[in-house]
Amino acid sequence: MQKFIGYKCSLCGKSYGADAKIYTCAIDGGNLDVILDFDSIKKTVSIETITNSRDNSIWRYLPLLPVEKKIGDQTPMQFVGGTPMFRHPQAAEFGINDLLIKDESRNPTASFKDRASAIVVTRAKEIGSDVVVTASTGNAGAALAGISAAVGQRSIIFAPKTAPSAKVAQLLVYGSQVILVDGTYDDAFDLSVLAATEFGWYCRNTGYNAFTVEGKKTASFEVWEYFYHQQALQGAKNGVVNFDNLTVMVSVGDGNIISGIHKGFKDLYQLGWISKVPRIIGVQSEGSAAVANAFNNHSEEIIPVKATTLADSISVDLPRDGVRAVRAATETGGTYILVPDEEIIKSIALLGKIGIFSEPAGATAYAGFQKAVALGLFDQNSKVVVFNTGSGLKDVNTAMKAVQPAPIIEPTLANVKRLIKG
Ligand SMILES: *Cc1c(COP(=O)(O)O)cnc(C)c1O
Ligand SMILES: [Zn+2]
């Protein structure tokens, strides 16, 4: 059964066939939505098909993905997704029913981006591409490099020379060909597209390749399954998950993760497996707010900014998936929240105190959650899922700004006593 039946432009609605060699709409450059044949999927796939799967990765959702078969058994490819949701111990103090942190740092290359790279690399193998290329501030590249290494796919990464060194180290260790660009992420993006066109490479770029959203939507499937099992434990009969009180919060740069999360819930709604698409709230740094600005102007016109945030993974001048990112909030009764970098840094320490080590862009959603509480966006029935999108090990320099330096002492017990008292 061929599930993937084509693309549809998110701006003008033009359709393209599944065999079109295309990234964005030929008419207006709009992002393309992958179209799946849900009528035939519904005939062969039930809720139990998924929930009975013994695969604990994104591959348990293969029947809902636009690729035909999984690759990379017994490699890191097989361990993408299946990330834990941790219950925050202080949900009650925030005046809400439940607070869960979905920890994407547990992916093979330590960020949410693995979900996208897994599907793009699988697609590359299906269409027989020799080389996959991407521009990246770090994580998309690390994910492409790591997943490619796992399954023997050649990859090339363009990153700004300012990318944090841990991320550059990942690219190099995974054996990608790494090209550092003396410019911004946006410069790297444009160059990677030029090079891909020139050399016929398959381009993974976020907000450009339509398959990234399809990988990222698996995070929503995991959120759904978590609540499905909870509801089943409480004796629910028909299996349709009630999402009336659920809010999902995630940080936004290019807007592709939030679009993927939105797509995942829309798929589930189309299947009739959830009561509604939950409210989705995007969080941006005040220093990189192009999507939030459009949302606040009630507009889908994405006006570029000069990004200045220290949260490198969401530092974007021109979001490449801005329109769908705005819609993720407008179509779900959600909103956009802006936080200053100081709050992002504080949130790294706050998440640390409950055992979660996040990079700045990962802690951004949690900073947004604190602000959302202050803005009165929740009540005592609210359940909130906050994504940590990447590991703190990716950027230890910024992590150190979130904490006091440790004291250095002469090795005597007297010194220890003095410190412990203080
Ligand atoms: C890429 C990334 C984001 C933002 O995703 P977009 O699709 O660019 O909006 C957030 N956090 C981390 C850690 C990322 O790597
Ligand atoms: Zn179009």
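Residues numbered from 1 in each chain as written. Chains lettered and ligands numbered in written order. Predicted model: local features only at pLDDT ≥ 70, side-chain atom pairs only at ≥ 80, totals over all residues. Heavy atoms only, no water.

> Describe the layout of surface pockets, and please don't skip the residues or the numbers.
In this structure, the largest pocket spans a volume of roughly 430 Å³. Lining the largest pocket are 21 residues, with Lys 21, Ile 22, Tyr 23, Ile 127 and Tyr 202 sitting closest to its centre. Of all elements in the fold, only α6 (185–199) and β9 (202–203) reach the threshold of two or more residues within the lining of the largest pocket. Among the elements that make up the lining of the largest pocket, the one with the highest residue count is α6 (three residues). In this structure, the second largest pocket is lined by 18 residues; those nearest its centre are Gly 29, Gly 30, Asn 31, Pro 319 and Arg 320. (1 Å grid on protein atoms, 1.4 Å probe; cavity = no way out; pocket = protein on both sides within 12 Å on 5 of 7 lines; lining within 4 Å. Points joined across faces, edges and corners; volume = space filled by probe spheres on them. Helix = DSSP H or I, 4+ residues; strand = E, 2+ residues; numbered from the N terminus.)

> So, the site of ligand 1: which residues are in play, and what are the values?
Surveying the vicinity of ligand 1 reveals 16 residues, the closest of which are Lys 113, Gly 253, Asp 254, Gly 255 and Thr 389. Between ligand 1 and the protein, one listed contact pairs an oxygen atom with a side-chain N or O atom of Asn 139 at 2.8 Å. Thr 389 is positioned with one of its side-chain polar atoms (N or O) 2.7 Å from a nitrogen atom of ligand 1. Placement of ligand 1 is best described as lying within the largest cavity. Class assignment for the residues of the shell around ligand 1 results in four nonpolar, eight polar and four charged. (Near = heavy atom within 4 Å. Polar contact = N/O pair within 3.5 Å; in protein donor to acceptor, adjacent residues only side chain to side chain. Sits in = over half its atoms within 2 Å of the grid points. Nonpolar A, V, L, I, M, F, W, Y, C, P; charged D, E, K, R; others polar.)

> Describe unusual backbone geometry, and please don't skip the residues or the numbers.
Although it is not a glycine, Gln 74 sits at a positive phi angle of roughly 60°. Tracing the sequence through the fold places Gln 74 in the loop between α2 (47–51) and β4 (85–87). With a relative accessible area of 79%, Gln 74 lands in the exposed category. The backbone phi angle of Ala 110 is positive, close to 75°, even though this residue is not glycine. As for its position among the elements, Ala 110 is in the loop between β5 (98–103) and α3 (113–126). (Buried < 20%, exposed > 50% of the residue type's maximum accessible area, 1.4 Å probe, protein only.)

> An account of the domain arrangement of the chain is needed here, citing residue identities and associated values.
Split into domains, the chain comes out as domain 1 (1–43) and domain 2 (76–107 + 213–400). Using C-alpha coordinates to define each centre, domain 1 is positioned 26 Å away from domain 2. Listed as interface residues are 10 residues of domain 1 and, on the opposing side, 11 residues of domain 2. Buried area between domain 1 and domain 2, both sides added, is near 910 Å², and the carbon and sulfur share of it is 53%. Where Arg 324 meets Asp 33, a salt bridge forms, and the shortest distance between an N and an O atom there is 2.7 Å. Applying the counting criterion to the domain 1 and domain 2 interface returns six residue pairs in polar contact (both at pLDDT 80 or more). (Domains from an automatic or database assignment. Contact = heavy atoms within 4.5 Å. Buried area = accessible area lost by both parts, 1.4 Å probe. Salt bridge = Lys/Arg side-chain N within 4 Å of Asp/Glu carboxyl O.)

> Can you explain the coordination of the zinc ion (ligand 2)? Please cite residues and give values.
Every protein donor of the zinc ion (ligand 2) is listed here as Cys 9 (SG), Cys 12 (SG), Cys 25 (SG), Asp 28 (OD) and Asp 28 (OD), and their distances to the metal cover 2.3 to 2.5 Å. In terms of primary sequence, the donors binding the zinc ion (ligand 2) are separated according to C-x2-C-x12-C-x2-D. With Cys 9 in strand β1 (residues 4–9) and Asp 28 in the loop between β2 (15–17) and β3 (32–36), this residue pair connects regions lying 19 residues apart in the sequence. A residue is classified by how much of its surface remains accessible, and Cys 9, at 4% relative accessible area, is buried. (Donors = N, O, S within 2.8 Å, 3.2 Å for Na, K, Ca; no water.)

> Break down the pairing of strand β8 (residues 177–181) for me, citing the residues and quoting the values.
For strand β7 (residues 154–160) and β8, the ladder comprises five bridges, and the chain directions are parallel. Within β8, the residue paired with Ile 156 across the bridge is Gln 177. Where the polypeptide runs from β7 across helix α5 (residues 165–173) and back to β8, its parallel neighbour, the crossover connection is right-handed. (Pairing = 2+ DSSP bridges. Right-handed = clockwise from strand over helix to strand, strands pointing away.)

> For the sheet that holds β2, give the residues involved together with the corresponding values.
Sheet architecture is open: three strands sit in the order β2-β1-β3, paired in antiparallel fashion. Whereas interior strands pair on both sides, the edge strands pair on one side only; in this sheet they are β2 and β3. The mean angle between the axes of side-by-side strands here comes to 30°, regardless of whether they run parallel or antiparallel. One ladder, built from five bridges, connects β1 with β3; its direction is antiparallel. What sits directly across from Phe 4, in β3, is Leu 36. (Axes fitted to C-alpha atoms, helices over the stretch in contact; angles between N-to-C directions.)

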